[in-house]
Amino acid sequence: MCRMNCFKTFTRRYDTSYVKQIEKRDSVLTSKQQIERLLRPGASYFNLNPFEVLQIDPEATDDELKKRFRALSILVHPDKNQDDQLRAQKSFEAVDKAYKSLLEPEQRKRALDVVHAGQEYVEHNVKEKKKQLKKDGKSLDVEEDDPDMFKQAVYKQTMKLFAELEIKRKEREAKDMHERKRAREEEIETAEKAKRDREWQKNFEETRDGRVDSWRSFQAKGKKSKEKKNRSFLKPPKVKMEQRE
């Protein structure tokens, strides 16, 4: 309930100031300016917010979303920007990705949740500021009372939340990749060990007869050597004849 009420407050401020500014700004932005906006420094994080990419209100209807996508995609389409096709292609991909993500109910809900969380954070921060000011006996006016400043604070916090989520996603992805790599290495090692064991067993079986023959031959030689030694041991000593004078 709190989230919905807070967000209604946010959307009223959003509608009365920010959206009108965006619409006015969009009416004069050229293809080149849109490409610059979509590829500006830090765009990899700015463009995590699909509403920011499309410059559309989070509560926009599906029809409004489609109209906005068509208008923006035409502006940045490579065919319309022959002199800057590579950058236009990257811009078009960013717009297309944002649009498709908002067409998916689950992804759109997650994006809205981030916007809600950003707005709620700012609302809470404003309350805490006012509480402290009241405690200090000072004026309760804060800069976020200005709709534009409030919008800017929400914008910054929302971008921060999107960035944090992306960092966590990449960390999970890296961890999962490491785990899959380790599991694969263990699987390969297990397979190679099994192969070595099979080859050893096969070699052992194939050389069994040779080993048996060698052992028998060794035993036979040992037996003959022993018999010869025994005969030599039992042979009476030679009698030395005495010489007569």
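The following paragraphs examine the structure supplied in this document. Nothing here was measured: the structure is a model prediction, and the numbers come from that model. (Residues numbered from 1 in each chain as written. Predicted model: local features only at pLDDT ≥ 70, side-chain atom pairs only at ≥ 80, totals over all residues. Heavy atoms only, no water.)

## A look at the side chain of T158
Cut-off, in case you're wondering: Under the scheme used here, helices are H or I runs from DSSP no shorter than 4 residues and strands are E runs no shorter than 2 residues, and both carry numbers assigned from the N terminus. Burial classes follow relative accessibility: with a 1.4 Å probe on protein chains only, a residue under 20% of its type's maximum area counts as buried, one over 50% as exposed, and anything between as partly exposed. Each polar contact in these results corresponds to two N or O atoms within 3.5 Å; when the atoms are within protein, one needs to be able to donate a hydrogen and the other to accept it, and residues that are neighboring in sequence are counted only if both atoms are side-chain atoms.
Relative to the helices and strands, T158 is located in helix 8 (residues 147-206). T158 sits in the buried class, given a relative accessible area of 4%. Within the structure, the side chain of T158 is placed 2.7 Å from the backbone oxygen of V154, a separation counted as a polar contact.

## Describing the packing of aromatic side chains
Defined as follows: Pairing of aromatic rings covers Phe, Tyr and Trp, the last counted by its six-membered ring, and requires centre-to-centre distances within 6.5 Å; plane angles under 30 degrees mean stacked, over 60 mean edge-to-face, and any other angle means tilted. We count a charge as sitting over a ring when the NZ of a lysine or the CZ of an arginine lies within 6 Å of the ring centre and within 35 degrees of the ring normal.
Considering all chains together, one arrives at one aromatic pair under this definition. When the ring centre of F46 is taken as origin, the NZ or CZ atom of R40, which lies over that ring, is 4.1 Å away.

## Some points on the layout of surface pockets
This is how the line gets drawn: With a 1 Å grid spanning the protein atoms alone, the term cavity applies to any set of points in which a 1.4 Å probe fits but cannot get out, the term pocket to an open set with protein on both sides within 12 Å along at least five of seven lines, and the term lining residue to any residue with an atom within 4 Å of a point. Grid points are joined across faces, edges and corners, and a volume is the space filled by probe spheres set on the points. Each residue is assigned to one of three groups, with Ala, Val, Leu, Ile, Met, Phe, Trp, Tyr, Cys and Pro labelled nonpolar, Asp, Glu, Lys and Arg labelled charged, and all others, Gly among them, labelled polar.
Each pocket or cavity is described by its volume, and for the largest pocket that value is around 680 Å³. Lining the largest pocket are 22 residues, and of these L48, P50, Q107, F162 and E166 lie nearest its centre. If you list the elements that add at least two residues to the lining of the largest pocket, you get helix 3 (43-46), helix 4 (50-54), helix 6 (85-103), helix 7 (105-135) and helix 8. When its residues are assigned to classes, the lining of the largest pocket shows 10 nonpolar, five polar and seven charged.

## Quick notes on the environment of L39
Inclusion rule: Should any heavy atoms of two residues lie within 4.5 Å, those residues are counted as being in contact.
Checked against the element boundaries, L39 lands in the loop between helix 2 (31-38) and helix 3. Take L39: its relative accessible area is 27%, and that puts it in the partly exposed class. Spatially, the C-alpha atoms of L39 and K90 are 7.9 Å apart, while their sequence positions differ by 51 residues. In this structure, L39 is in contact with R87, K90 and S91, ignoring residues within four places of it in sequence.

## What about unusual backbone geometry?
Residues other than glycine predominantly adopt negative phi, and peptide bonds predominantly adopt the trans conformation. Despite not being glycine, Q55 shows a phi value in the positive range, around 50°. Within the secondary structure layout, Q55 lies in the loop between helix 4 and helix 5 (62-76). Under the relative-accessibility criterion, Q55 is labelled buried at 6%.

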